[in-house]
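This is what each chain is made of:
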Amino acid sequence: MKHDIKIENKSLEMMISEKGYISKLSMKDDPYKMNWVIEEAYLSQAGYQDADKLFGYFDITADSKQRNSREFSPVIEKEGAEITVTYDFGNMKIIMIYDMGKNDGELHWTIHLVNQEKKDIWISDFGVWISFAYVMFRDKEVLRNIHNSAAVFSSISDNYTKLNAVRRDNRGGNLGFYQVEGEALSIGTYCDYENLFFENVSPSLDGMLFHKLYFAGGYPEGFQNKDWIYKKDGFMLKAEEDRTWKYVVNINRNQEEFLEKGLKLNHPKVDYTPLNIIGETARLTVEVSESLKILSAEALFKENDTVKSLSIEVKYEGEMYHLSYKPTALGEHKAVIKFSDGTKDFVVMNVMDKLDRVIDERVAYICDELYEGKEGNPPFAFKPVSNQGESLGKLNLVLKKNLLGSLDVDQVRKVEKSAVEYVRPKWFKDGDFKKPRKLYGDFYRCMDFEYIGHLFYLLSEFDDQILELYTADTYLEWAADVFELRVNPDLHEDERGKEESQMLGVYFLYFEDLLIKLKEKELTEKMQTIQSLWDKMMDRVHRGADSYAAAITEHFYDNAGFGPAAGALSVSKKRESAEKYGELLLANIGYSNDFRAQNPDRWWEALSYMTHSLWGGLTAAAAYKVFSYLQNTEFLEGSYRATAGVLYCYDTHATAVTPLKKGMAVSTYAVAGPHINRPDLSRDRFGQAAFYRDGGIFARLFDSDDQTPDWDMGEEMTAYLDSFGQKTFIINNKGTLRVINGSYEETETGYKITSFAPYSRDFYYISEDGMTLLERQGDGRSVVLQIRR
């Protein structure tokens, strides 16, 4: 019979299995009784064979001999509110102490690695599973996924590694995990999942990520990749040495409290600009406890395969440190901060080329390299050819760039030709928008139509003399017809079509603009039809907000569901339900000391915590829509953090990942290192076809493992160009200035603000008095203005 051992304090309760792993970790006052660690019982129930990855289990390679915690039963001893778990391997001993009595409301976890010999031992790999409840439960009652699952946002640092396990409802408390002694190299992930997409099951996808804390190694012997930022090496355990790592776990309500509690544990509280533009000032602010002082700071970057450094200016003002420097090289920058007690912390920021240039190069690549033309197979398509509407996002990006930036008639006409000669006949029988083709065997996807509707709408924005085949008004009517097909269940015969037509999608991005234009052109009947369908749908979503039904797509829980729901409810000005779904967005968008780990929480396309360009960008766009309606800057800041990660997928100057040719882009960045499922993809960019050789569902989705990695990109950049592509925000928080999507320089009379937006139009000033549109001064790429200090 199983006998788990329990310890507790005022706030937390924990149980250790007789096998040595944490079987339960919960908050005493939690109305949902969430277990914050992955449960062996759930793994068994759902058919997952991962009981070797539970919280507290470990693997170690010492002098080339591999050992792990499942080889034999540990010795477990309890004294008061403390449990000690000891694994004795003869030459080595691993001791784990779990203490709930040191400080009420906290769990103190100490790991000892003891060399019991009189000679040194080389530790090439040592990792301990910290399997917080990062689970997409196989449950159509989505409330379980919201209240009993967490996103895990980690910050890896020399001496200040931490993570926050954030409950997906963004309410009722999160768990913070802080390193207070020792050094960690990284946190890797392992994914297990089930996908029944081809079985025509909806929802079809569930799964989980197991997190692993690495003190040494983590990669196969001889492994190399482009990542120069994080360490991968082992260490020498000296004769009779007792090497120690200590961690504290406690409860927090939100990001701010997570950082404040870290400050009380001596963690520096660092704020930084995740995205920077070459030649403009990059800034960090650092708040520290009384016992710490900053000695110096430097920015490391890679140029011509050599890691170089720039000195960072450090000033102490207003009870915090202000750090700044002007980057001189493109790519990732690791800003390393050295403290008076010998410890170090760092952040990873990006430095990009001017963003209008990035977009121009991307659009030129799409039109020059990916367009098939008349002789293509099929003619007039853009590679890669796909049945999924996501593949048309790049066409929408070409059009949006030509509407906002420099006009290239040839580019517009290539897209127009593709829309008329390839898209229309492929997705619709005889080009009839009431007769969709079953491109997926015996069904079609309604979601494809929202990309097509957007394509026709954007074509309608051009003057007739630019267009070659039809008039702008014709394309507007086509956009309305396709939009109606997307949202009207009565236009579908099959049950799947009726059901999917009522799911929300990316059309929340352009619905308002489409309505305005239909009214402008006096297409009253089409406008009223669409408005009526939209109103019915939004009333239904609003009424069902308590059940969060819109959070399910073909996945059991998905930001492709609750992102558009939050965005659409905001567009419809349904405050109560917009706030409800908005909470899911806030819990979904990460925060970290590495800009690449601040993306919306998603794992499926990478089998690891990841940036997914399309859904990262569309989730960012949804958060921006919620901000526009609710005026809550948490959504603005979350949207921008996510956007910085998405732009990394388009960055051809990145130095810590596999390089891209000018204008290329990659849909996926795997944040974790190591990516335990596929170590070769650790902290790298790639397309989903990289998994083709792994078989399973990927072998059915792709033809080979070298297919182009950008098939589902473009729509998210189109959305970006409607928000941060044109707008910059200056936040004055009690005299402290922060610029979202820009930089600033101090002058004698105030601040000179420079926008990072590729097509800068608007500057907004946000203070306790609300948000004000500022009057622009100057012109050019970087619009400059001044406000008084």
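Structure's up top.
Bear in mind that the values here come from a model prediction, so they are computed numbers and not experimental data. (Residues numbered from 1 in each chain as written. Predicted model: local features only at pLDDT ≥ 70, side-chain atom pairs only at ≥ 80, totals over all residues. Heavy atoms only, no water.)

Participant: Sorry if this is basic, but what is going on with the pairing of strand β13 (residues 162–167) here?
Facilitator: When a strand is regular, its side chains alternate between the sheet's two faces. Most of β13 sits inside the fold, with 6 of its 6 residues counted as buried. What you see with β13 is no split at all: K162, N164 and V166 on one side and L163, A165 and R167 on the other are buried throughout. The hairpin turn running from strand β12 (residues 150–155) into β13, its antiparallel successor, is 6 residues long. For β13 and strand β14 (residues 174–181), the ladder comprises 4 bridges, and the chain directions are antiparallel. What sits directly across from A165, in β14, is L175. Count of turn residues in the β13/β14 antiparallel hairpin: 6 residues, of which N170 carries a positive phi of about 60°. (Buried < 20%, exposed > 50% of the residue type's maximum accessible area, 1.4 Å probe, protein only. Helix = DSSP H or I, 4+ residues; strand = E, 2+ residues; numbered from the N terminus. Pairing = 2+ DSSP bridges.)

Participant: I keep staring at helix α11 (residues 524–543) and nothing clicks. Help me out?
Facilitator: Every α-helix winds through 3.6 residues per turn, so residues three or four apart in the chain are directed the same way. In this model, α11 (20 residues) spans 28 Å end to end at C-alpha, consistent with the 28 Å of a helix rising 1.5 Å per residue. Those residues of α11 that sit buried are M527, I530, L533, W534, M537, M538 and V541. The buried side chains of α11 occupy one side of the element, clustering within an arc of 140° when seen end-on. Away from its buried face by more than 90 degrees, α11 exposes E525, K536 and R543. (Expected span 1.5 Å × (residues − 1). Arc of directions from axis to C-beta.)

Participant: Help me understand the packing of aromatic side chains in this model?
Facilitator: Geometry of an aromatic ring pair is reported as the spacing of the ring centres plus the angle between the planes. Scanning all chains against the criterion turns up 60 aromatic pairs. Each ring, one from Y557 and one from F562, has its centre 5.1 Å from the other, and the planes form 35°; the classification is tilted. You'll find Y557 and F562 in the same group, each marked buried. Relative to F627, the ring of Y624 lies with its centre 6.1 Å away and its plane at 55°, an arrangement referred to as tilted. Note that Y624 and F627 are positioned in helix α14 (residues 613–630) at a spacing of 3 residues, about one turn of the helix. The class for Y624 is buried, based on a relative accessible area of 9%. Given the relative accessible area of 2%, F627 is considered buried. Joined through ring pairs, the aromatic side chains of F58, F72, Y87, F89, F126, F215, F235 and W245 make up one cluster. The ring of W478 has R424 sitting right over it, with the charged end atom 4.2 Å from the ring centre. Directly above the ring of Y629 sits R575, whose terminal nitrogen or CZ lies 5.0 Å from the centroid. (Phe/Tyr/Trp six-rings, centres within 6.5 Å; stacked < 30°, edge-to-face > 60°. Lys NZ or Arg CZ within 6 Å of the ring centre and 35° of its normal.)

Participant: Looking at this structure, I do not really get the sheet that holds strand β25 (residues 320–325). What am I missing?
Facilitator: Within a sheet, neighbouring strands are paired by backbone hydrogen bonds and run either parallel or antiparallel to one another. Spatial strand order, β19-β21-β25-β24: 4 strands in an open sheet with antiparallel pairing. If you trace the sheet from one side to the other, it starts and ends with β19 (269–272) and β24 (313–317), each paired once. Here the strands of the sheet are splayed against their neighbours by 20° on average, with no regard to which way each runs. Relative to β25, strand β21 (residues 282–287) runs antiparallel, the two being bridged by 5 bridges. Bridge pairing in β25 links V286 to Y321. (Axes fitted to C-alpha atoms, helices over the stretch in contact; angles between N-to-C directions.)

Participant: What is the right way to read the packing of helix α7 (residues 447–459) against helix α8 (residues 472–487) from this model?
Facilitator: If you want to describe how two helices pack, look at the angle between their axes and the distance between the axes. The N-to-C vectors of α7 and α8 enclose an angle of 165°; their axes lie 8 Å apart at closest approach. With respect to their mutual orientation, α7 and α8 come out roughly antiparallel. Along this stretch, α7 crosses α8, giving a crossing that reads as left-handed. Mapping the contact onto sequence places M447, F449, E450, I452, G453, F456, Y457 and L459 in α7 and Y475, L476, W478, A479, V482, L485 and R486 in α8. Within the contact of α7 with α8, the residues separate by chemical class into 12 nonpolar, 1 polar and 2 charged. (Parallel < 35°, antiparallel > 145°, perpendicular 65-115°, else oblique. Left-handed = near helix turned anticlockwise from the far one by under 90°. Contact = heavy atoms within 4.5 Å. Nonpolar A, V, L, I, M, F, W, Y, C, P; charged D, E, K, R; others polar.)

Participant: Is there a simple way to explain the packing of helix α5 (residues 393–404) against helix α6 (residues 409–427) in this structure?
Facilitator: For the pair α5 and α6, interaxial distance at closest approach is 9 Å and the crossing angle is 145°. When you trace α5 past α6, the crossing you get is left-handed. The residues of α6 that touch α5, namely those facing L395, V398, L399, K401 and N402, are Q411, V412, V415 and S418.

Participant: Is there a simple way to think about unusual backbone geometry in this case?
Facilitator: Negative phi is the rule for most residues except glycine; trans is the rule for most peptide bonds. With an omega of 0°, the peptide bond between N377 and P378 qualifies as cis. Structurally, the position occupied by P378 is in the loop between α4 (355–370) and α5. The omega torsion of the bond from G673 to P674 falls at 5°, within 30 degrees of zero and hence cis. In this fold, P674 is placed in the loop between β29 (668–670) and β30 (685–686). Although it is not a glycine, D305 sits at a positive phi angle of roughly 65°. One non-glycine residue, E522, lies in positive phi territory at about 60°. Looking at the element boundaries, E522 is found in the loop between α10 (511–520) and α11.

Participant: Which parts of the structure should I look at to understand the environment of A566?
Facilitator: Relative to the elements of secondary structure, A566 occurs in helix α12 (residues 559–571). In the structure, A566 is positioned 11 residues away from S577 in sequence and 7.8 Å away in space, judged by C-alpha atoms.

Participant: Please explain the pattern of salt bridges as it appears in this structure.
Facilitator: A pair can form between side chains of opposite charge whenever their charged atoms are brought close. Applying the stated rule across the entire model yields 51 salt bridges. For R70, the salt bridge identified is with D59, shortest N-O distance 3.4 Å. Remark: D59 occurs in strand β4 (residues 58–62) and R70 occurs in the loop between β5 (65–68) and β6 (75–79); sequence separation between them is 11 residues. Residue R486 pairs with E450 through a salt bridge whose shortest N-O separation is 2.5 Å. One end of the pair, R486, is in helix α8; the other, E450, is in helix α7, with 36 residues separating them in the sequence. Under the relative-accessibility criterion, E450 is labelled buried at 2%. Through salt bridges with shared partners, one network takes in K6, E13 and K24. (Salt bridge = Lys/Arg side-chain N within 4 Å of Asp/Glu carboxyl O.)

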